[in-house]
Amino acid sequence: MTQLLEKALNEIAKLSAPEQDAVAAILLEELASEKRWSESFAKSQELLAKLAEKALADHAAGRTTPL
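Within each chain, residue numbers correspond to sequence positions counted from 1 in written order. This being a predicted model, a pLDDT of at least 70 is required before a residue's local features are given, and a value of 80 or more before pairs of side-chain atoms are given or counted; all residues contribute to the totals for chains, interfaces and linings. With hydrogens and water excluded, all non-hydrogen atoms of the structure serve as input to the side-chain values.

**Concerning the packing of aromatic side chains**
By convention here, two paired aromatic rings are described through the distance between centres and the angle between planes. Pairs were defined over the aromatic rings of Phe, Tyr and Trp, the Trp ring being its six-membered one, requiring ring centres within 6.5 Å. Orientation was assigned from the angle between planes: stacked under 30 degrees, edge-to-face over 60, tilted for the rest. Applying the stated criterion to the full structure yields one aromatic pair. Ring centres of W37 and F41 lie 6.3 Å apart, and the angle between their planes is 25 degrees; this geometry places the pair in the stacked category. You can see W37 and its partner F41 sitting in helix α2 (residues 17–43), four residues apart, about one turn around the helix. Relative accessibility under 20% of the residue-type maximum defines a buried residue, over 50% an exposed one, and the middle range a partly exposed one, all with a 1.4 Å probe and only protein chains included. A relative accessible area of 57% means that W37 is categorised as exposed. Accessibility expressed as a relative area gives 41% for F41, which makes it partly exposed. Counting from the N terminus, the helices are DSSP H or I runs at least four residues long and the strands are E runs at least two residues long.

**Concerning a nonpolar patch on the surface**
On the surface, W37, F41, L47, L48 and L51 cluster together into a nonpolar patch covering about 540 Å² of accessible area. Among the elements of the structure, α2 and α3 (45–60) are those that each provide at least two residues to the nonpolar patch. Structurally, L48 can be placed in helix α3. For L48, a relative accessible area of 39% gives the class partly exposed. Here the term patch refers to residues with relative accessible area over 30% and no salt bridge, with like charges joined within 9 Å and nonpolar side chains (Val, Leu, Ile, Met, Phe, Trp, Tyr) within 5 Å. Residue burial considers only the protein chains on display, and all accessible areas are found by Shrake-Rupley using a 1.4 Å probe. The salt bridge definition used is simple: a Lys or Arg side-chain nitrogen within 4 Å of an Asp or Glu carboxyl oxygen.

**Considerations on the pattern of salt bridges**
It is possible for side chains of opposite charge to pair when their charged atoms get near one another. The tally for this structure, following the rule as stated, stands at five salt bridges. We note a salt bridge from D58 to K54, for which the minimum N-O separation is 2.8 Å. Linking D58 with K54, this pair stays in helix α3, spanning four residues, or about one helical turn. Residue D58 is classed as buried on the basis of its relative accessible area of 16%. D58 is paired through a salt bridge with R63; the nearest N and O atoms lie 2.7 Å apart. What you see here is one network of salt bridges that share partners, running through K54, D58 and R63.

**Here's the deal with the confidence of the model for the chain**
Per-residue confidence for the chain gives a mean pLDDT of 96; residues scoring 70 or more make up 100%. Confidence scores per residue from the predictor, reported as pLDDT, run from 0 to 100. For the chain, the element scoring lowest by mean pLDDT is α3, at 94; helix α1 (residues 3–13) scores highest, at 98.

**Thoughts on α3**
Side chains that are three or four residues apart share a direction in an α-helix, a result of its 3.6 residues per turn. To estimate how far a helix should reach, multiply one less than its number of residues by 1.5 Å. Along its 16 residues, α3 runs 22 Å from first to last C-alpha, staying within 8% of the 22 Å computed at 1.5 Å per residue. Of the residues flanking the end of α3, it is G62, one or two places downstream, whose phi is positive at about 80 degrees.

Below is the structure:
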């Protein structure tokens, strides 16, 4: 465990039980969200590569405009 995480957990331990549960719920949801994002991103690599190829081809063909 890192020192920062240990410090955070020590501070959380000072809270009331309902406040500890609220913080725990927030942390667990954030971890679950990060996992979903990572899985979604991993599954989209092929599509992203195809979109990048199309964008480069469009640019090379002069079908793009500067922002």
